[in-house]
Amino acid sequence: MDYVDSKRKSNICGKILFAAGITTLCIIFLKQSPDFSTPSQFSRQQAGVTHVLVTGGAGYIGSHAALRLLKDSYRVTIVDNLSRGNLGAVKVLQELFPEPGRLQFIHADLGDAKAVNKIFAENAFDAVMHFAAVAYVGESTLDPLRYYHNITSNTLVVIKAMASHGVKTLIYSSTCATYGEPEKMPITEGTPQAPINPYGKAKKMSEDIILDFSKTSEMAVMILRYFNVIGSDPEGRLGEAPRPELREQGRISGACFDAALGVIPGLKIRGTDYNTADGTCVRDYIDVTDLVDAHVKALAHAKPSKVGIYNVGTGKGRSVKEFVEACKKATGVEIKVEYLSRRPGDYAEVYSDPSKIKLELNWTARYTDIQESLQIAWRWQKSHRNGYGSP
Ligand SMILES: NC(=O)c1ccc[n+]([C@@H]2O[C@H](COP(=O)([O-])OP(=O)(O)OC[C@H]3O[C@@H](n4cnc5c(N)ncnc54)[C@H](O)[C@@H]3O)[C@@H](O)[C@H]2O)c1
């Protein structure tokens, strides 16, 4: 009897061992298969953590926004097709915030609705900051369809994906270019919008889509109309690094730095006979750190079924001459300046009335010394002569 019992026992043990072995093999096999992975932290909502999709987060403003959000303990997903942004900026952010569940980068084109839907299906976003866009006025007049596609049509893709996946908050990057050439300064949010170039028109159309959609939706929407953005991260981690081929399209600060670095021989100032104090055009320059702060405040104040539209500027106009003088002081380089006749389509004065955003979101620009903003940006430019390419 003892002999039979022990034989039966060893049979049972063998079967158990066999089953355990098979199970272990199955688990190893499944884990190695591409379809098996533990669900990512980005796919689940986490109590107390707001997950923000930052489109265009490899670009100038988007990367600064992502940095601020990460610093403030938000969870961030960057989606960018890298057509104009820099993977180097994303790498800086990844090095600063390597902990799991903080930051992920997804390389995708917002024009690809299928890819966008997949991203929304696989990630639990609480809010979207939609920065991604092509953003050069001059280029928009030469290639308008690109602008309507990239700005207007892609915004539609994003909104539709948000609606079908129940993402409840949108912060939209708009621009003072949607106002065109207003007769009265300063520009308030009530100033009629009459854009004069495809860039401004494409942004205005996106605003219209968002506004119409919001009439029948509970989405919380904030539209921020930026004026001229300058500066970079005061701690020198990020900067503005447009592609070399886009430098010519670029903005005045980029041109000043290029002149100071000797990349271009000097600056060409077009128009000295405008009806302004020194005859050159007047613009409202907003530091990127302040701009990003406006986004964080907009996110905090966003309310379901409500739309907020805000100018983001300093409320103070500076002439091109003033800007160039500040740039000379900031860089310490005696930049060569050539004065030329007016460029068609440039308007004399553009500056904001930022009182609405102050009143409703408790936001005011703090970095209003353009020389200081340029000095900070110059430090980064000097140490990153090839942008994010090589330090
Ligand atoms: N820089 C300014 O002075 C200024 C002023 C007013 C408004 N804005 C707006 O701010 C936003 C950001 O501008 P920026 O100066 O940081 O520009 P940027 O070119 O530095 O960044 C834009 C980013 O969007 C990405 N992108 C473009 N098309 C895409 C697509 N189809 N799919 C995925 N990613 C795409 C680019 O690769 C880039 O990283 C834009 O919407 C722009 O219109 C900028």
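Everything below is about the structure printed above this text.
This report concerns the structure included in the present document. All values reported here derive from a predicted model rather than from experimental measurement.

**Things to note about the site of the ligand**
Right, so step 1: Taken together, 28 residues surround the ligand, and among them Gly 56, Gly 59, Gly 85, Ala 133 and Val 229 come closest.
Right, so step 2: Where the shell around the ligand is concerned, the elements lending two or more residues are helix 2 (60–71), helix 6 (144–164), strand 5 (169–175) and strand 7 (228–230).
Right, so step 3: The biggest single contributor to the shell around the ligand is helix 2, with three residues.
Right, so step 4: Here the residues of the shell around the ligand are counted per class, giving twelve nonpolar, twelve polar and four charged.

**Some thoughts on the pairing of strand 6 (residues 220–226)**
Right, so step 1: Strand 6 sits mainly inside the fold: seven of its seven residues count as buried.
Right, so step 2: On strand 6, burial covers both faces: Ala 220, Met 222, Leu 224 and Tyr 226 on one face and Val 221, Ile 223 and Arg 225 on the other are all buried.
Right, so step 3: Bridge count between strand 5 and strand 6: seven bridges; the pairing is parallel. Bridge pairing in strand 6 places Ser 174 opposite Arg 225.
Right, so step 4: Bridge count between strand 6 and strand 11 (residues 307–312): six bridges; the pairing is parallel. The residue bridging Val 221 from the neighbouring strand is Val 307, located in strand 11.

**A short note on the packing of helix 4 (residues 113–122) against helix 6**
Right, so step 1: Their axes nearest at 10 Å, the elements helix 4 and helix 6 cross at an angle of 35 degrees. Judged by the sense of rotation from one axis to the other, the crossing of helix 4 with helix 6 is right-handed. For the pair helix 4 and helix 6, the contacting residues are Ala 113, Val 116, Asn 117 and Phe 120 in the first and Val 157, Val 158 and Ala 161 in the second.
Right, so step 2: In terms of residue class, the contact of helix 4 with helix 6 is built from six nonpolar, one polar and no charged.

**Here we look at the pairing of strand 5**
Right, so step 1: In terms of burial, strand 5 is largely enclosed, as seven of its seven residues are buried.
Right, so step 2: Going residue by residue along strand 5, you find Thr 169, Ile 171, Ser 173 and Thr 175 tucked away on one face and Leu 170, Tyr 172 and Ser 174 tucked away on the opposite face as well.
Right, so step 3: In this fold, the crossover linking strand 5 to strand 6 by way of helix 7 (residues 198–215) has right-handed handedness.

**Here we look at the sheet that holds strand 1 (residues 51–55)**
Right, so step 1: Spatially, seven strands are ordered 3-2-1-4-5-6-11 in an open sheet, and the strand pairing comes out parallel. In the strand order of this sheet, the two ends are held by strand 3 (103–107) and strand 11, each with one partner. Along the sheet, successive strands turn relative to each other by an average axial angle of 15 degrees, direction set aside.
Right, so step 2: For strand 1 and strand 4 (residues 127–130), the ladder comprises four bridges, and the chain directions are parallel. When the bridges of strand 4 are listed, Leu 53 appears paired with Val 128.

About the cut-offs
Residues numbered from 1 in each chain as written. Predicted model: local features only at pLDDT ≥ 70, side-chain atom pairs only at ≥ 80, totals over all residues. Near = placed C-beta within 6 Å. Helix = DSSP H or I, 4+ residues; strand = E, 2+ residues; numbered from the N terminus. Nonpolar A, V, L, I, M, F, W, Y, C, P; charged D, E, K, R; others polar. Buried ≥ 20, exposed ≤ 12 C-beta atoms within 10 Å, placed from the backbone. Pairing = 2+ DSSP bridges. Axes fitted to C-alpha atoms, helices over the stretch in contact; angles between N-to-C directions. Left-handed = near helix turned anticlockwise from the far one by under 90°. Contact = placed C-beta atoms within 7 Å. Right-handed = clockwise from strand over helix to strand, strands pointing away.

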